[in-house]
Amino acid sequence: MAQTSNDIKNGSIIKIDGKLWQVLKFQHVKPGKGPAFVRTTIKDVLSGKIVDKTFNAGIKMDFETVDNRDLQYSYRDGDNFVFMDMTTFDQILIPATLVGDKEKFLLEGTDCIISFHDENPLSIELPASVILTISHTEPGLQGNRSNAGTKPATVETGAEIQVPLFINEGDKVKVDTRDGSYIGREN
């Protein structure tokens, strides 16, 4: 079945000039004069670049299927990260270039969603937050509360984050994987 621009939905993957793009937002527009069109915000699946693009209504488009798999991070092996499919127990190598700076929040046993197209990994999505142990920070001062400011701290993965002054080495903290911000202390 041929698909057209009228079939665009959020999350659709379309192929334009040999590149895969994911639709982040779309709006069907029917102006009073002139032909209808579809206004979209799309993201290059490989580079992450986001652009706005308008398509005429009803034009033929190449929609691609993307396979999202739940995989668990096992370990790093040179230029690859090894993930395990917990249903088949297959080990899948994901290149370090795809993982990028998400490595800062990747611990053994972290469940991730990895998108594949024709068996090629396209993107990796970490959980919204992870719990990490503080491996180094200056000693906390008694009486300092969360609104008294922050200090740098290094977590067990090597990432540096800002934490409240009362956090000490060995404390477990919840960290937002999107921006590396401190969410709270875990017991």
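Parameters at a glance
- Residues numbered from 1 in each chain as written.
- Predicted model: local features only at pLDDT ≥ 70, side-chain atom pairs only at ≥ 80, totals over all residues.
- Heavy atoms only, no water.
- Helix = DSSP H or I, 4+ residues; strand = E, 2+ residues; numbered from the N terminus.
- Buried < 20%, exposed > 50% of the residue type's maximum accessible area, 1.4 Å probe, protein only.
- Contact = heavy atoms within 4.5 Å.
- Polar contact = N/O pair within 3.5 Å; in protein donor to acceptor, adjacent residues only side chain to side chain.
- Pairing = 2+ DSSP bridges.
- Axes fitted to C-alpha atoms, helices over the stretch in contact; angles between N-to-C directions.
- Phe/Tyr/Trp six-rings, centres within 6.5 Å; stacked < 30°, edge-to-face > 60°.
- Lys NZ or Arg CZ within 6 Å of the ring centre and 35° of its normal.
- Core = buried A, V, L, I, M, F, W, Y, C linked by side-chain atoms within 4.5 Å.

Enquirer: Where do I start with the environment of Lys172 in this structure?
Expert: Inspection of the secondary structure assignment puts Lys172 in strand 15 (residues 172-176). The partly exposed category is assigned to Lys172, whose relative accessible area is 41%. Not counting chain neighbours up to four residues away, the residues in contact with Lys172 comprise Ile131, Leu132, Thr133, Arg185 and Glu186. At 3.0 Å, the side chain of Lys172 and the side chain of Thr133 are in polar contact.

Enquirer: How do you make sense of the sheet that holds strand 15 when you look at a structure like this?
Expert: Remark on secondary structure: sheet strands pair via backbone hydrogen bonds, oriented parallel or antiparallel. The strand order 14-13-12-15-16 describes an open sheet built from 5 strands, whose pairing is antiparallel. If you trace the sheet from one side to the other, it starts and ends with strand 14 (160-164) and strand 16 (182-186), each paired once. Averaged over all neighbouring strand pairs, the angle between strand axes comes to 50°, with direction disregarded. Of the strand pairs in this sheet, strand 12 (residues 129-137) and strand 15 are connected by 5 bridges, and their pairing is antiparallel. In the sheet register, Ile131 faces strand 15, and the bridge partner there is Lys174.

Enquirer: What's the story with the packing of aromatic side chains in this structure? I'm lost.
Expert: Any aromatic ring pair is given by two values, namely how distant the centres are and how the planes are angled relative to each other. Here the structure, examined in full by the defined rule, presents 2 aromatic pairs. Between Tyr73 and Phe81, the aromatic rings sit 5.7 Å apart at their centres with planes inclined by 50°, giving tilted as the arrangement. Side by side, Tyr73 and Phe81 carry an identical accessibility label, which is buried. The ring centre of Phe116 lies 4.0 Å from the NZ or CZ of Arg69, which sits over that ring.

Enquirer: Explain the nonpolar core to me, please; I cannot follow it from the model alone.
Expert: A general trend in soluble globular proteins is that nonpolar side chains are found buried together. Residues Phe83, Ile94, Phe105 and Leu106 are the most contacted members of the largest nonpolar core, which totals 27 residues. In this view, Ile94 contacts Asp79, Asn80, Phe81, Phe83, Val99, Ile114, Phe116 and Pro121; residues no more than four positions away in its chain are not counted. Among the nonpolar cores identified, the runner-up in size contains 10 residues, and Ile8, Ile14, Ile16 and Phe63 belong to it.

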